[in-house]
Amino acid sequence: MKKKISAALLSVFYKDGLEPLVRQLHAQGTTLYSTGGTQQFIESLGIDVVPVESLTSYPSILGGRVKTLHPLVFGGILGKRADATHLKDMLDYHIPEIDLVVVDLYPFQETVAQTSDEGQIIEKIDIGGPSMLRAAAKNFSDVAVVASRSDYAPLVGILQAQEGTTTLEQRRALAAKAFRIVADYELAITNYFSPDAPLTVFGNEQQTPLRYGENPHQAATFYGDPGQCFNQLHGKEISYNNLVDVDAAVELIGEFDMPSDGSAPVVFAIIKHTNVCGIAARGSAAAAWTDALAGDPESAFGGVLVCNAPIDAATANAISEIFFEVLLAPSFEEEALTILRAKKNRILLELKPASFPARSYKSLLNGTLVQDKDKGNFAKWDEVGGVPSGDLREDLVFANLICKHLKSNAIALVKNRQLVGKGCGQTSRIDALRQAVEKARQFNFDLTGSVMASDAFFPFSDCVTMGHEAGIAAFIQPGGSIRDKDSIEYCVANKLAMVLTGERHFRH
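Note that the coordinates shown come from a computational prediction; the quantities given were computed from them, not determined experimentally.

(A) Quick peek at the overall build of the protein chain. A count of helical and extended segments in the protein chain gives 18 helices and 23 strands. In terms of overall size, the protein chain is more extended than a compact globule, its C-alpha atoms giving a radius of gyration of 31 Å where 508 residues would be expected to give roughly 23 Å. When its C-alpha atoms are laid out on the principal axes, the protein chain stretches across 95 × 50 × 45 Å. Within the protein chain, the fraction of its 508 residues that count as buried is 47%. Relative to all contacts within the protein chain whose residues are 6 or more apart in sequence, the contacts with residues 24 or more apart total 56%. As displayed, the protein chain has an accessible area near 24,600 Å², and 53% of this comes from carbon and sulfur atoms.

Dropping the structure here:
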């Protein structure tokens, strides 16, 4: 059923985009009610507006905390036009019908992001705004509600096309959006007061439909704003699988410091199906890329690439020799962009400083698993075999971080801060080691003096025995097996370094 908008209440914090809506309402003869800054804005346009305080006979009080909380306002919003009792009450108490409510809530989230002054933050908790939005949304059969600046222009189009009226379907859709906005707003306030136990509502973020999911027959949507994490500089639309690998790449590169002052190395990594298939730390992006690719040039085909340093022309030329899906970096030199844009589908992402959720979520059975993110590298550094040299120690730290980003069961073999062999997603640890050693041999790496990282403890001494036979000189693992002593005693007897970290890094 179409409803004509004869009276509207407008109370917004931000005025941008509001003028065309105000002018449209005025042009169609709508009575405008408002208060505070919104009232002044409407008056500045030369348009008549009825102050809410003239309706309620009460001024704005308590420093603006109470303006619209009054039966003459809420009765006009909540009154059901088809209910005789409601209509009688509205007539008896001189309550005007309000057909449209336009409210833009106080910027609570923005204030929290900009200041730690609790006084300022508390004052940005809107009371009347959410109340009016909920009231109008509840009475959507008679009242239209606009809770977002993004809906001003569409509403103008509706009113122009429908001679100042709205349909029930349109009002219901606007009501649903208003309830969502209020819910998000209340959630932000709740989490401000409970930072150690934040609530999360899946699906309350921005939504981006994807071409398809993991496979073409699966529908998919991304909930969130990827623009907060990166700028897309070039390439095709990002797919579901791209996003999954991009997430793995961002998590991995976040383990390393930015080399802006020259004290940290440049790290280049190649991700395939969320696993690291190549990574190296070197003095330049080009050198890091060359050695990351050498770790497994076969698996790199069609991969997602990530670097913690700017991409220059030399690196871009080298990268362009292979096919890849995505390249992420903190910045790109102009010449590098020209080179990389030669292929129209290559996705180039400029990373932004961003904060990420402290917890991860996984849907399974009829519920959701929630856990803290796997942060850090090791809980302790317990040298239980021979003492590793400085170079071996650096390689052990590097290898343990890489192993953390491989699917379990996982083994990472590193030499001179380069991944030279890896085994991942295996059903036994010894199989993961066999795979890692075979990978190293496939690409002609000499494992003499290399190190091995394991994402979980060695249940038997077979892994250190096989590793020693392959030339591995040092091992890092969490420990915790009832047979730890078997592996430790083997390392002591053969003068091999072993470090126990006390921290497992399973990844499923």
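(B) Spatial organisation of the sheet that holds strand β14 (residues 324-329). The strand order across the open sheet built from six strands is β10-β15-β14-β13-β11-β12, with neighbouring strands paired in mixed fashion. Where the open sheet ends on each side, the last strands, each with one partner, are β10 (230-234) and β12 (275-282). Put simply, the sheet's adjacent strands are angled 20 degrees from each other on average, direction ignored. Strand direction decides the pairing type here: β10 and strand β15 (residues 347-351), joined by four bridges, are antiparallel. Within β15, the position partnered with F230 by the bridge is L351. Packed onto the sheet, helix α11 (residues 240-253) meets β10, β11 (266-272), β12, β13 (303-307), β14 and β15 and runs at close to 150 degrees relative to β11.

(C) Seen up close, helix α1 (residues 19-27). Considered for burial, the residues of α1 that qualify are L21, V22, Q24 and L25. Mapping the buried residues of α1 onto a view down its axis gives an arc of 165 degrees, with all of them on the same face. In this structure, the buried side of α1 is in contact with β2 (7-12), β3 (31-34), α2 (36-44), β5 (100-104) and α9 (152-161). One or two residues past the end of α1 sits G29, with phi positive at roughly 85 degrees.

(D) Spotlight on the pattern of salt bridges. Enumeration according to the criterion identifies 22 salt bridges in this entry. The closest approach of N and O atoms between K404 and E255, which form a salt bridge, is 2.8 Å. Within this pair, whereas K404 is found in helix α15 (residues 390-404), its partner E255 is found in the loop between α11 and β11, the two being separated by 149 residues in sequence. On the basis of relative accessible area, K404 is assigned to the buried category, the value being 2%. On the basis of relative accessibility, which here comes to 23%, the residue E255 falls in the partly exposed class. Between D296 and K422 there is a salt bridge, with the nearest N and O atoms lying 2.7 Å from each other.

(E) Highlighting the sheet that holds strand β19 (residues 411-414). Ordered by their spatial adjacency, six strands build an open sheet running β18-β23-β22-β21-β19-β20, and the pairing between neighbours is mixed. The open sheet has two free edges, formed respectively by β18 (382-383) and β20 (419-423), since each of these has just one partner strand. Sheet analysis places strand β22 (residues 474-477) next to strand β23 (residues 497-500), joined by four bridges and oriented parallel. Counterpart to A474 in the pairing with β23 is A497. Contacts from α15 reach β18, β19, β20, β21 (451-454), β22 and β23 within the one sheet, and its direction differs from that of β21 by about 35 degrees.

(F) Layout of helix α8 (residues 128-138). By the criterion of burial, α8 is predominantly enclosed, with eight of the eleven residues buried. Of the residues making up α8, those classed as buried are G128, G129, P130, M132, L133, A135, A136 and A137. Tucked inside the fold, the buried residues of α8 contact β2, α4 (71-78), β5, β6 (144-146) and α10 (168-193).

(G) Representation of the nonpolar core. Residues L21, L25, L32, I77 and L100 are the most contacted members of the largest nonpolar core, which totals 55 residues. Here the element with the most residues in this core is α10; it accounts for seven residues. For L100, the contacting residues outside a window of four places in its chain are I5, A7, A8, L9, L25, V143, A144, V145, V146 and L155. Judged by nonpolar contacts, the second largest core, of 44 residues, contains A220, A249, L349 and A474.

(H) How the structure looks around the side chain of T38. Note on placement: T38 falls in helix α2. By relative accessible area, T38 is classed as buried at 2%.

(I) Local environment of the pairing of β23. Both faces of β23 are covered, namely the face carrying A497 and V499 and the face carrying M498 and L500. Bridge count for β18 against β23 is two bridges, and the pairing is antiparallel. Looking across to β23, one finds that E383 is bridged to V499. Handedness of the crossover is the feature at issue here: the chain leaves β22, passes through helix α18 (residues 484-493), returns alongside β23, and the resulting connection is right-handed.

(J) Geometry of unusual backbone geometry. The step from S408 to N409 runs through a cis peptide bond, and the omega angle for that step is -10 degrees. You can see N409 is positioned in the loop between α15 and β19. Phi angles above zero are rare outside glycine, and H273 is one such case at about 50 degrees. One non-glycine residue, K495, lies in positive phi territory at about 55 degrees. By the element assignment, K495 lies in the loop between α18 and β23.

About the cut-offs
- Residues numbered from 1 in each chain as written.
- Predicted model: local features only at pLDDT ≥ 70, side-chain atom pairs only at ≥ 80, totals over all residues.
- Heavy atoms only, no water.
- Helix = DSSP H or I, 4+ residues; strand = E, 2+ residues; numbered from the N terminus.
- Rg over C-alpha atoms; globule rule 2.2 N^0.38 Å.
- Buried < 20%, exposed > 50% of the residue type's maximum accessible area, 1.4 Å probe, protein only.
- Contact = heavy atoms within 4.5 Å.
- Areas by Shrake-Rupley, 256 points an atom, 1.4 Å probe, with all protein chains shown as cover.
- Pairing = 2+ DSSP bridges.
- Axes fitted to C-alpha atoms, helices over the stretch in contact; angles between N-to-C directions.
- Arc of directions from axis to C-beta.
- Salt bridge = Lys/Arg side-chain N within 4 Å of Asp/Glu carboxyl O.
- Core = buried A, V, L, I, M, F, W, Y, C linked by side-chain atoms within 4.5 Å.
- Right-handed = clockwise from strand over helix to strand, strands pointing away.

On their own, these measurements won't tell you what the molecule is for.
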